[in-house]
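A closer look at the structure
As a plain string of letters, each chain reads:
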Amino acid sequence: MTDHAPAPSGAPLADNLAAAFQIEGWPVRGRLVRLGETIDAILSAHAYPEPVAALLGEACALAALIGSSLKFEGRLIVQAQGDGPVRYVVADYDTQGHLRGYCRFDEAEVAAVSQGFSRPGARTLLGEGLFVMTLDRGPDFERTQGITPIEGESLSLAAEHYFQQSEQIPTKVRLAVGAVTTDAGTVWRAGGALIQLIAGDAARGSTEEAWDRSRALFQTLGDDELIDPTVSPETLLFRLFHEDGVRLEDARALQAVCRCSKDRIGTVLASFSPEERAEMVEDDGLIRVTCEYCATVYELEPEDVGEG
């Protein structure tokens, strides 16, 4: 049993959710993520160029897809880093259903690779580098980390390669991010879906035929379907697997929540020497620190930090 935030009582969740799904009688497990205002809050906190925002949205959807299956209280951190225009993308999911993320990038380099007719993918933006997943079970446990090279042009392919290389689990992943026009204006949306093969055994026999069929159906899933606010999760799954029967299970609410606070910032600043902190003081006598994740600006009096 996980410790994710449960769905509110009443009507089932239709958005900002992560859920498992089961295809009746198939040796395949799956998960689905739909993000509306949650991803819009994360991406709108910064003036990201469109390709960078899309990459971060994919990372957040991927973190929720994988993190929502955790069976312990803690965090999953998905990150990719390379020598391309985007130096670093990170998405942080915790088992309360809280998401946050950010990118570091060179604006001129991103503009240079965005001249074509299609949105540049993860490999173009990140270049040669690493795909990393980190499990954090809290202060009483060591972090565990899996690292693979970035393979393929998308984060979906990088994740599939990770599962194949690190865990030997056949996996297919779809991720989509886009700006959608609503009555409230243009907002960001994201979605993701994942299926994994359950290995055959003496009782189950070979599962390869079922895997081939599920992959073929999964490939028909369109990016527009994943982010369309008018298509419910149940409708989306029914379109894919209606011939065999499919059910959504254990839907969990997702929220954009950052763990930054004035106290945390003060603790970090206290680790610097008085001389270093003195250099941070601005003309009005305050130290200002901006959270990289949510862009909140904290103002601190120098005398309130450490001994300075």
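The preceding data block contains the structure.
Attention here is on the structure that accompanies the text. Nothing here was measured: the structure is a model prediction, and the numbers come from that model.

Structurally, the position occupied by proline 229 is in the loop between helix H7 (223–227) and helix H8 (233–241). Residues proline 229 and leucine 35, 194 residues apart in the sequence, show an inter-C-alpha distance of 9.2 Å. Leaving out residues up to four positions away in the same chain, proline 229 has contacts with Arg34, Val180 and Arg189.

Glancing now at the pattern of salt bridges. On inspection of all chains with the given rule, the structure shows 21 salt bridges. Between aspartate 15 and arginine 189 there is a salt bridge, with the nearest N and O atoms lying 2.8 Å from each other. Of the two residues, aspartate 15 is situated in the segment before strand S1 (17–23) and arginine 189 in strand S9 (residues 185–197); the sequence distance between them amounts to 174 residues. Of the charged contacts in the structure, one is a salt bridge between aspartate 250 and arginine 252, with a shortest N-O distance of 2.5 Å. A network of salt bridges, in which partner residues are shared, links Arg75, Asp92, Arg100, Asp136, Arg143 and Arg259.

With that settled, consider unusual backbone geometry. In this structure, glutamine 168 is a non-glycine residue whose phi angle is positive, near 55 degrees. Inspection of the secondary structure puts glutamine 168 in the loop between helix H5 (155–167) and strand S8 (171–182). By relative accessible area, glutamine 168 is classed as exposed at 53%. In this model, aspartate 250 sits at a positive phi of 55 degrees, which is unusual for a non-glycine residue. Along the chain, aspartate 250 falls in strand S10 (residues 246–253).

Rules and cut-offs
- Residues numbered from 1 in each chain as written.
- Predicted model: local features only at pLDDT ≥ 70, side-chain atom pairs only at ≥ 80, totals over all residues.
- Heavy atoms only, no water.
- Helix = DSSP H or I, 4+ residues; strand = E, 2+ residues; numbered from the N terminus.
- Contact = heavy atoms within 4.5 Å.
- Salt bridge = Lys/Arg side-chain N within 4 Å of Asp/Glu carboxyl O.
- Buried < 20%, exposed > 50% of the residue type's maximum accessible area, 1.4 Å probe, protein only.

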